[in-house]
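Descriptive structure summary
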Amino acid sequence: MSSESQLRADIVEIGRRMYMRGYTASNDGNISVRLGSDRLLMTPKSVCKGFMTPDMMCITDLDGRKLQGDRDPSSEMLMHLEVYRQRPDMQAVVHAHPPTATGFAVAGIPLNRAVLAEVLTTLGSIPIAEYATPSTKELPDAVRKYIKAHDGMLLANHGALTVGTDLYAAYYKMETIEHFAHISLVARMLGRENLISRDEVDRLQGLRDTYGIKAPAPICAIDEVMRDQANCQVVESPVSIGSRLVPSDNPEGEIRLTYRELQQLIEDAIRSLR
Ligand SMILES: [Zn+2]
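In this text, all values refer to a predicted model and were calculated from it rather than measured experimentally. (Residues numbered from 1 in each chain as written. Predicted model: local features only at pLDDT ≥ 70, side-chain atom pairs only at ≥ 80, totals over all residues. Heavy atoms only, no water.)

**What about the coordination of the zinc ion?**
- At 2.0 to 2.1 Å from the zinc ion lie its protein donor atoms, namely His95 (NE2), His97 (NE2) and His158 (NE2).
- All donors of the zinc ion come from a single chain, and their spacing in sequence reads H-x1-H-x60-H. Remark: His158 occurs in the loop between β7 (152-155) and β8 (159-164) and His95 occurs in strand β5 (residues 92-96); sequence separation between them is 63 residues.
- Owing to a relative accessible area of 1%, His95 belongs among the buried residues under this scheme.
- On the accessibility criterion, His158 (10% relative accessible area) is buried. (Donors = N, O, S within 2.8 Å, 3.2 Å for Na, K, Ca; no water. Helix = DSSP H or I, 4+ residues; strand = E, 2+ residues; numbered from the N terminus. Buried < 20%, exposed > 50% of the residue type's maximum accessible area, 1.4 Å probe, protein only.)

**Some thoughts on helix α6 (residues 167-190)**
- In this model α6 runs 35 Å from its N-terminal to its C-terminal C-alpha over 24 residues, within 8% of the 34 Å that 1.5 Å per residue would give.
- Two to three positions downstream of the cap, the backbone nitrogen of Tyr168 sits 3.0 Å from a side-chain oxygen, assigning the N-cap of α6 to Asp166.
- Positioned one or two residues after α6, Gly191 has a phi angle of 95°, which is positive. (Expected span 1.5 Å × (residues − 1). Polar contact = N/O pair within 3.5 Å; in protein donor to acceptor, adjacent residues only side chain to side chain.)

**A short note on the packing of helix α3 (residues 99-107) against α6**
- Where α3 meets α6, the closest approach of the two axes is 7 Å, and the angle between their N-to-C directions is 65°. The pairing of α3 with α6 is recorded here as roughly perpendicular in orientation. Our pair here, α3 against α6, has a crossing hand that is left-handed. In contact with Pro99, Thr100, Ala101 and Phe104 of α3, α6 contributes Ile177, Glu178, Ala181, His182, Ser184, Leu185 and Arg188. (Axes fitted to C-alpha atoms, helices over the stretch in contact; angles between N-to-C directions. Parallel < 35°, antiparallel > 145°, perpendicular 65-115°, else oblique. Left-handed = near helix turned anticlockwise from the far one by under 90°. Contact = heavy atoms within 4.5 Å.)

**As for a nonpolar patch on the surface**
- A surface patch of nonpolar side chains, about 430 Å² in accessible area, is lined by Leu257, Leu262, Leu265, Ile266 and Ile270.
- Summarising the element assignment, Ile270 is placed in helix α8 (residues 259-273).
- Assessed through its relative accessible area of 42%, Ile270 is described here as partly exposed. (Patch = residues over 30% accessible without salt bridge, like charges linked within 9 Å, V, L, I, M, F, W, Y side chains within 5 Å. Areas by Shrake-Rupley, 256 points an atom, 1.4 Å probe, with all protein chains shown as cover. Salt bridge = Lys/Arg side-chain N within 4 Å of Asp/Glu carboxyl O.)

**Considering the packing of aromatic side chains**
- In the structure shown here, the tally under the stated rule is three aromatic pairs.
- Measuring from centroid to centroid gives 5.5 Å for Tyr19 and Phe51, while their planes differ by 65°, and the two rings are edge-to-face. Of this pair, Tyr19 sits in helix α1 (residues 4-20) while Phe51 sits in the loop between β2 (39-42) and β3 (58-61), and the two are 32 residues apart along the sequence.
- Note on Tyr19: relative accessible area 29%, which makes it partly exposed.
- The exposed category is assigned to Phe51, whose relative accessible area is 58%. (Phe/Tyr/Trp six-rings, centres within 6.5 Å; stacked < 30°, edge-to-face > 60°.)

**Digging into the packing of helix α2 (residues 77-86) against helix α5 (residues 138-147)**
- Axis separation between α2 and α5 bottoms out at 9 Å; the angle between their running directions is 30°. Relative to α5, the element α2 is oriented roughly parallel. As α2 runs across α5, the sense of the crossing is right-handed. Together, Leu78, Met79, Glu82, Val83 and Gln86 of α2 and Leu139, Pro140, Val143, Arg144 and Ile147 of α5 make up the contact between the two elements.
- Looking at the contact of α2 with α5, its residues break down into seven nonpolar, one polar and two charged. (Nonpolar A, V, L, I, M, F, W, Y, C, P; charged D, E, K, R; others polar.)

**Remarks on the state of the cysteines**
- With the rule as written, the count across this model stands at one disulfide.
- One disulfide in the model links Cys220 with Cys232; its S-S distance is 1.7 Å. In this pair, Cys220 sits in strand β10 (residues 219-221) while Cys232 sits in the loop between β10 and β11 (233-235), placing the two residues twelve residues apart along the sequence. You'll find Cys220 and Cys232 in the same group, each marked buried.
- Cys58 provides the cysteine sulfur closest to Cys48, a residue in no disulfide bond, and the two sulfurs are 16 Å apart.
- Here Cys48 falls in the buried class, since its relative accessible area comes to 16%. (Disulfide = S-S within 2.5 Å.)

The structure is reproduced here in structure tokens:
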């Protein structure tokens, strides 16, 4: 168990990284970690996460009562408290607005396609918690539905949330989500996405056990009987015989042209008709 001073320093460093990577702007985002069995160390409200100092942090109890600190705890404290309540196995919570992942959250597109083996073995799927007004009790209510089975999720029209067995584990999951969102966006802009077949997903599920990767729920394919996202990490993964990668037939797999490119194509077509 890290000392309190180390945890304060870790929160400062993670806040700095999030701000430098553009995961937060202005005073967005918040970070917390368990301090023993009955207290939390948390970022304060209304500070830029890129310029925090260790003395700024708040200490609260598990009901959110402030025990120590000159500043008030994060405006999203209710969401953090709910996560700790639902996940006694987790030590840290990170919330940010990384732009590509948040773009998916705004578009209402979950990151649940079986495309990257490493994301499947670690996070499984990344669902979207329903829209909730930030800083209200609605947000913990929305998060509660998915947090028992997922270590990371998108928050509709808001951002992303991750948990971990320590601060860096939670932060790195945020990096993974944003990286995965970026790769997914590029693949979809290119107009094609090959999905990992269901047999291969089963093999990856087995690798979790082999390598001792702890996950709060099993991965399951979208049309399996057990597809309740409260208990299962649901992924889109087609059945395929003999092939481990299967071209996606998703309707979004289109080539997008600029107006000028489209105009050029039309002109070329007209010219070829003459
Ligand atoms: Zn937020």
